[in-house]
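Residue strings, one per chain:
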Amino acid sequence: TWMRISFFWPLPAAILLHFVLVFTGHQGFLSRIWPYFLLYGPAAVISALYFSSDIFTGHPVERTWGWTSEFPDSLLSDAAYAYFAIMASASVILCLRFFLNQTDPLLRKQAAFALSGISIYAGTVVLNYGLFPILNISIPELSALSFAIAVGGVFGYAIWKYQLFTLTPASAADKIIATMSDALLLIDTQGIIINTNDAARRMLGYGEGELEGTHADRVFPEGWLQESIMDKLGIYGNIESVSDIETVMRDTSGGQIAISLSSTNMRDRNE
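In this report, we go over the structure that sits alongside the text.

Cut-off values and rules
Residues numbered from 1 in each chain as written. Predicted model: local features only at pLDDT ≥ 70, side-chain atom pairs only at ≥ 80, totals over all residues. Heavy atoms only, no water. Helix = DSSP H or I, 4+ residues; strand = E, 2+ residues; numbered from the N terminus. Buried < 20%, exposed > 50% of the residue type's maximum accessible area, 1.4 Å probe, protein only. Polar contact = N/O pair within 3.5 Å; in protein donor to acceptor, adjacent residues only side chain to side chain. Contact = heavy atoms within 4.5 Å. Salt bridge = Lys/Arg side-chain N within 4 Å of Asp/Glu carboxyl O. Expected span 1.5 Å × (residues − 1). Axes fitted to C-alpha atoms, helices over the stretch in contact; angles between N-to-C directions. Parallel < 35°, antiparallel > 145°, perpendicular 65-115°, else oblique. Left-handed = near helix turned anticlockwise from the far one by under 90°. Nonpolar A, V, L, I, M, F, W, Y, C, P; charged D, E, K, R; others polar.

This next bit is on the side chain of Asn197. The residue Asn197 is located in the loop between strand S4 (193-196) and helix H9 (198-204) in this model. Take Asn197: its relative accessible area is 2%, and that puts it in the buried class. Polar side-chain contacts of Asn197 include one of 3.0 Å to the backbone nitrogen of Ala200.

Rendered as structure tokens:
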């Protein structure tokens, strides 16, 4: 019974990936319902099978490091191992991409420690439930130890030294923008769209990253942004903001959406 209770360990793999999605700014993805079924559904099924039956648990055996369970070779066991390897690998890949995209020195250090801590835990999961079973290597279960090292050591040091998970004004603004209900577009002085929030993409029918890097004339009437906004703002004119401007925007199908917008200058990401 006590050994079966420990078989709820599939759930931390799902919780880890959920944490990584939040940490790396994928709140838009998590705003839907189906990602939670994808994250926690397989973990819940595997945990239930481990706890309620002998399908996975096999029979307790004594090894040099103590009592453990030998998992029988089966398609279900292979599927469970594959699940752990996929979840752990996805966590590392997302953290690596997040680290590579950071330009701010402090954020880059924070991302580096997050990547290191998650890699320590994910690496042992991949080894314990991926490579070693394939090679028929029997070693003690290391995921709990690696989790303690990652959280208590790497993450603890990063929280103390580099303010990991501290909500700075800039990061708070990023999170508010990502989850706000009003559509928002960040456009540079050349009229290039450099950032959008989820509300803007839903309104216009675009996916994440499809508008970034394109000219604003793609969604506004051609030349309208320059004439009605940029020439009036402090970029070229002498005022800092304009508000309650009525115009239209084009969605992916070419249809026009009547909007009322406000615009203001942003000097840097911390303003």
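Further remarks concern the side chain of Thr24. Examined against the element boundaries, Thr24 turns out to sit in the loop between helix H2 (10-23) and helix H3 (27-30). A polar side-chain atom of Thr24 sits 2.9 Å from a polar atom in the side chain of His26. Residues within four places of Thr24 in sequence aside, it is in contact with Leu94, Cys95 and Phe98.

Applying the stated criterion to the full structure yields 2 salt bridges. Note that Arg201 and Asp198 form a salt bridge whose closest N and O atoms lie 3.8 Å from each other. Note that Arg201 and Asp198 are positioned in helix H9 at a spacing of 3 residues, about one turn of the helix. For the pair shown, Arg201 and Asp198 are each scored as buried. Among the salt bridges present, the one from Asp198 reaches Arg202, with a minimum N-O distance of 2.2 Å. Linking Asp198 with Arg202, this pair stays in helix H9, spanning 4 residues, or about one helical turn. Judged by relative accessible area, Arg202 falls into the exposed class, the value being 56%. One network of salt bridges, in which partners are shared, links Asp198, Arg201 and Arg202.

Next up on the list: helix H5 (residues 75-100). With 26 residues, H5 ought to run about 38 Å at 1.5 Å a step, and its terminal C-alpha atoms sit 37 Å apart, in line with that. For H5, the set of buried residues is Ser77, Ala80, Tyr81, Tyr83, Phe84, Ala85, Met87, Ala88, Ser91, Leu94, Cys95 and Phe99.

What follows covers the packing of H2 against H5. The description of two helices packed together rests on the angle between their axes and the distance between the axes. Between H2 and H5, the least distance of the axes is 9 Å, while the angle of their chain directions is 20 degrees. In this view, H2 runs roughly parallel relative to H5, as classed from their interaxial angle. Pair H2 / H5 crosses with left-handed handedness. Across from Pro10, Ala13, Ala14, Leu16, Leu17, Val20, Leu21 and Phe23 in H2, the residues of H5 making contact are Tyr83, Phe84, Met87, Ala90, Ser91, Leu94, Cys95 and Phe98. Looking at the contact of H2 with H5 residue by residue, the classes come out as 15 nonpolar, 1 polar and no charged.

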